[in-house]
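A structural walkthrough
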Amino acid sequence: MSGVWRSGLRHRKLPKAGFTGCRAISCSGVQAESKGPTPDNKAYSKTLLLPKTKLTLRSDPLESEVPFRNKTTRDLYQWQWDNAKGPLFVLHDGPPYANGHLHMGHALNKIVKDIIVRYKVLMGHKVHYHPGWDCHGLPIENKVLQQLGKDQRSIDSKTIRDAARKYAEQEVQQQREEFSQLGIMADWSSGTTYRTMDHAYEMRQLQVFKTMVEAGLVYRHYRPVHYSPSSGSALAEAELTYKDDHVSHSVYVAFHMDTKGESMRPILKTLLASRPDSHLLVWTTTPWTLTANMGIAVHPELKYSILSQKKTGKTFIVGSTRVFDLTDILGEVEEIAQVEGSELVDSTYYPLFFPVAKDVTPRYPLRILPSNHVTADSGTGLVHCAPAHGAEDYMVFRSLDLLKPREGSSDTGMFCHVDAEGKFSSKVSEVVGESVGRKLVGKEVLKDGNKAIIEVLGDMGVLVKVQKIKHRYPYDWKTDQPIIMLATSQWFADLNSIKGDALKTLDSVSFFPAGSRRRLQSFVQNRSEWCISRQRVWGVPIPALYHVPTDTAIMDGVSLKHILSVLGTRGTAHWWDGSVEDFVPPHLRKEGEDLAALYRKGTDTMDVWFDSGTSWTMLRDLVKNADAERPYYADVCVEGTDQHRGWFQSQLLTAVAATKAEGRVVAPYKHLITHGMVLDPVGKKMSKSLGNIISPMTVISGGKDKKKEPPYGADTLRLWAATVEYWNDAAIGSNVLAQCALSLRKIRNSARFILGVLEDGRSLECLERVAVGSRNMSLADRYVLHELTKLDKVAREGYATYNFAKVVNAMSNFCNVTLSSLYFDVTKDCLYADARNSAQRRAVLTVLEQVLRTMVFVMAPILPHLAEDVHHVMSGAEDPASGRSVFTTTWEPLPSEWENPCVEGDMNRLLSLRTDVLALLEKARRNKNIGSSLEADVEILVRNQSTDIHPLLRREQDFLRTLFIVSDVSVHDETPEDHTSLPWKHEADYGNDLRVVVRPANLTKCPRCWTFTRHPEEILCRRCADVIKV
Ligand SMILES: [Zn+2]
């Protein structure tokens, strides 16, 4: 009846009562002439029970969200923490980096978490959720160095650290304010949030470090690591990004073989006997590493060709499968012979720079080495090895035990001529000689240093070819500058010793989506050590003392115990500010010694992944008190897919390492949930340069131009986050947001209609509810309760399995199909025109009250503001801030007996018949036979009395006129006699057994309810007459 009422309401000028329930029949508002006495329409309209509610039609976030904000976030968190009686549920927050405004990734992350914890609160759990921030590290340090506007070497570490702390605090404050606008249930004050720069946090982290040192898991090593000259620090794999279009100057160079070398295999010796001008052709994309060459690797099982170059007569050795491609480089060649790679092994060659540095004696005989990492896919099949600049080279040398420092020296056993700034150091002269050294020293290896080397190679006549190539290359993700591999002394955590336990621990962790397990497993599997030191000042110190005379590090449990007690009292900044004497442990102090001269403090800080990785330590006491048997700390962690190599992993490794040392391995988490990235509408990553960034704050509060960027409020954004399959990458754009806003409006309108007929709960005050399933409940009532029970079940399942899209789909479907298109339409006549306490009306109100209650639970985790708003309106309180949050009531499942497949079966059969009836009514409307469907009656002719549907039609005959929204439905065994005199009729067969006829209504229009059920001699229809007692 909505069409009728809509036109009626408009006519009657009711304020703000524009309910727009959808209905299957659209009525044009044309009214048939009414016959009989002329009634007073206006007077009757006042007797109708039209919806009245305080819930506003449209939601302006300022009105509908902000007033509920504290109640549903801070106050709710505190309430449930103090009052919830259910089991503890810990959602452990991965700390976002405290730098910059929030982006969509932050919003998606925090909303997904919030949906989970809100659901848990509704289930009666006591939820622990402390949001955190990652505060140390290079981006902040760089930011303050820029602000300080000086060269970092000229600023003392205290100034940098103080400025960095201040900066981080500001950023935390800003992000805190932005996060709270998303409607996140948390107490954002300092006691219930954490920062990795908090003193207590840092001390817990250092205790974990100490435990790992005591367990022998931490060591110092000189070896190649990812090193960023632009950051002046080593980097972990997680701090790299790879660019596919990096351009390098690659070179082909010829290493001169020592054809008289003693270790050469006889077959090769014979082949090369008359060829003293024999060369090994090598290709490298990093010419600057050639000064550090310590060997050339071949694959022992590949074939190699000995080639004679036509134009020079020189001999070259290359991989046989590369010969064809290399003729571009070598020109015409003749193959003299082929040998196995294994026959090349152990042959020696002259140092590459021998021609310019004759006075320099090589440290070792330079040899050809076997290695399985050599391939014949590119290059020459021979690989130049510089262990200081390549992890694989280093591993080859380690495995062959070739890295031996010269006795009695601080030598490292590796050639390395690059300093901490990425420039050639003076040591390079030891290889290239003094005069060439002067051309190189102080030049950056990634820039002019590389150019200078290529020039030297050219001058020496060993350069066969230079080629520019585009290839994949690692960059420092913070400075966006290329990195190098560089041997430096770093602190490492030994992962080989704990890898097995870590992988075993993962077996007890569940993953969503399930496939993400493999990702974390492979990251852990493929790592044998973790470089944990950084050469920065804004971080937690690695508190190592060095004994100056022997240049050895002191790193043991006893020393750390002393150092940590000093830092515990005086703060970690004291490591930088205090004197070394404060830190020398008692057992190393001897009377009369000048400690300041004997010892120095290390200057490395810890990898920030170690900082955030130890965040599980916050949960230890909490969990211990809650449940001694619980073998994990957090119930759930939720982060983006990049955290498999970051926080998920660093938490696992530190937790397993530390707890194993204490005798019982505890997993840092029980469930890991991974979400994807947020992309623009065409699937591109959001970036400043593309100009496609959508800020969550703009979505909530609107942009400068409110027409283009309207204020959607937090619930719309939250609905978006719940709608997308967040475990994949998710797109967002203006169209998607507009759709979400529309969906939200539909849900709001459904709630608003129900509130209206319930008169915000007041109509229920003295009203006797109708027992579910009793005879007073119509088929539609029972059907809606059945569908509601299904919705309740699906929503619980969806939340419990983190599949919120499932919840949104079920909820939208219920609102749009079950409620708006069906139930609201068919009950309006009863709700508006029946006596206030008619049994039928009470039945509908009973159903609607339950529908609203369940809908509020179903929507609450995703749409907390709307849920609070509805709850508030129902409570009758004036001030939105007063009264309890909707989340303070536990969401109990609906009685399972409400689910009734028989009711569903019956209803589906009638709905199928309804589709045919509506089609006929539409035909009548198109023919201008009727305006409103109420002007028609429906007759159903049953041809076959034994048909299944017959008893159903008989039983539900009264209900059918409600279902079809016509004035009367009659069921006949044969065609009624008056058919011949009808001005019009439309009919159609429904299957073989039924015929449906749509015909003019028999009776006349009732001026109160507008159904055609009034006998011409009466003023009103009998129902209406009864209601208003005329
Ligand atoms: Zn009436």
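Conventions adopted
Residues numbered from 1 in each chain as written. Predicted model: local features only at pLDDT ≥ 70, side-chain atom pairs only at ≥ 80, totals over all residues. Heavy atoms only, no water. UniProt positions renumbered as here; feature names shortened; annotations may be inferred. Helix = DSSP H or I, 4+ residues; strand = E, 2+ residues; numbered from the N terminus. Rg over C-alpha atoms; globule rule 2.2 N^0.38 Å. Buried < 20%, exposed > 50% of the residue type's maximum accessible area, 1.4 Å probe, protein only. Contact = heavy atoms within 4.5 Å. Areas by Shrake-Rupley, 256 points an atom, 1.4 Å probe, with all protein chains shown as cover. Lys, Arg positive; Asp, Glu negative; His and termini not counted. Charge placed at Lys NZ, Arg CZ, Asp CG, Glu CD. Pairing = 2+ DSSP bridges. Axes fitted to C-alpha atoms, helices over the stretch in contact; angles between N-to-C directions. Donors = N, O, S within 2.8 Å, 3.2 Å for Na, K, Ca; no water. Right-handed = clockwise from strand over helix to strand, strands pointing away. Parallel < 35°, antiparallel > 145°, perpendicular 65-115°, else oblique. Nonpolar A, V, L, I, M, F, W, Y, C, P; charged D, E, K, R; others polar. Polar contact = N/O pair within 3.5 Å; in protein donor to acceptor, adjacent residues only side chain to side chain. 1 Å grid on protein atoms, 1.4 Å probe; cavity = no way out; pocket = protein on both sides within 12 Å on 5 of 7 lines; lining within 4 Å. Points joined across faces, edges and corners; volume = space filled by probe spheres on them.

The protein chain is annotated in an unreviewed UniProt entry as Isoleucine--tRNA ligase, mitochondrial of Gloeophyllum trabeum. Per UniProt, the protein chain has the following entry under Catalytic activity (unreviewed entry): "tRNA(Ile) + L-isoleucine + ATP = L-isoleucyl-tRNA(Ile) + AMP + diphosphate". The record in UniProt for the protein chain states the following under Sequence similarities (unreviewed entry): "Belongs to the class-I aminoacyl-tRNA synthetase family."

**Comments concerning the overall build of the protein chain**
Per the secondary structure count, the protein chain includes 34 helices and 32 strands. In terms of C-alpha radius of gyration, the protein chain reaches 40 Å, well past the compact-globule figure of 31 Å for 1030 residues. Overall size of the protein chain, expressed as C-alpha extent along the three principal axes, is 130 × 75 × 50 Å. Within the span of the protein chain, comprising 1030 residues, buried residues form 57% of the whole. When contacts within the protein chain are restricted to residue pairs at least 6 apart in sequence, long-range pairs at least 24 apart make up 77% of them. In the form shown here, the protein chain has an accessible surface area of approximately 43,600 Å², with 50% of it arising from carbon and sulfur atoms. Once the 128 positive and 123 negative side-chain charges of the protein chain are each reduced to a mean point, those two points are 4 Å apart.

**Concerning the sheet that holds strand E32 (residues 994-1000)**
Here we have four strands laid out as an open sheet, ordered E30-E29-E32-E31, and mixed in their pairing. Each edge of the open sheet carries a strand with a single partner, namely strand E30 (968-972) and strand E31 (986-990). Neighbour to neighbour, the strand axes of the sheet diverge by 20° on average, direction disregarded. Its contacts with the sheet put helix H31 (residues 901-926) on strand E29 (936-942), E31 and E32, and the angle it makes with E31 is roughly 155°. Sitting on the sheet, helix H33 (residues 957-964) touches E29 and E30, and the angle it makes with E30 is about 135°.

**A closer look at the coordination of the zinc ion**
For the zinc ion, the full set of protein donor atoms is Cys1006 (SG), Cys1009 (SG), Cys1021 (SG) and Cys1024 (SG), at a range of 2.2 to 2.4 Å. Read in sequence order, the donor residues for the zinc ion give the motif C-x2-C-x11-C-x2-C. One end of the pair, cysteine 1009, is in the loop between E32 and helix H34 (1022-1028); the other, cysteine 1024, is in helix H34, and 15 residues separate them in sequence. For the pair cysteine 1009 and cysteine 1024, one class covers both residues: buried.

**What to know about the pairing of strand E26 (residues 667-675)**
For E26, the buried fraction is high: seven of the nine residues fall into the buried class. Here strand E18 (residues 510-512) pairs with E26 via three bridges, running parallel. Residue pairing for E26: phenylalanine 511 is matched across the bridge by leucine 672. Of the strand pairs in this sheet, strand E25 (residues 632-640) and E26 are connected by seven bridges, and their pairing is parallel. Looking at the pairing, valine 636 lines up with histidine 671 of E26. One crossover worth recording links E25 to the parallel E26 by way of helix H23 (residues 647-661), and it is right-handed.

**Looking at the packing of helix H25 (residues 714-723) against helix H26 (residues 734-757)**
Between H25 and H26, the least distance of the axes is 9 Å, while the angle of their chain directions is 105°. Between H25 and H26, the crossing angle belongs to the class labelled roughly perpendicular. Seen from H25, the contacting residues are Asp715, Thr716, Leu719 and Trp720; seen from H26, they are Val736, Leu737, Cys740, Ala741, Ser743 and Leu744. Looking at the contact of H25 with H26, its residues break down into seven nonpolar, two polar and one charged.

**A short note on the side chain of threonine 488**
Tracing the chain through its elements places threonine 488 in strand E17 (residues 484-494). Polar contacts involving the side chain of threonine 488 include one to the side chain of glutamine 490, which spans 2.7 Å.

**Some points on empty space enclosed by the protein**
Under the criterion given, the structure shown has four cavities of 30 Å³ or more. In this structure, the largest cavity spans a volume of roughly 120 Å³. Gly137, Leu138, Glu239, Arg534 and Arg536 are the residues nearest the centre of the largest cavity, which is lined by 15 residues in total. Secondary structure elements with two or more residues in the lining of the largest cavity: strand E6 (233-234) and strand E24 (605-606). Its residues assigned to classes, the lining of the largest cavity shows six nonpolar, four polar and five charged.

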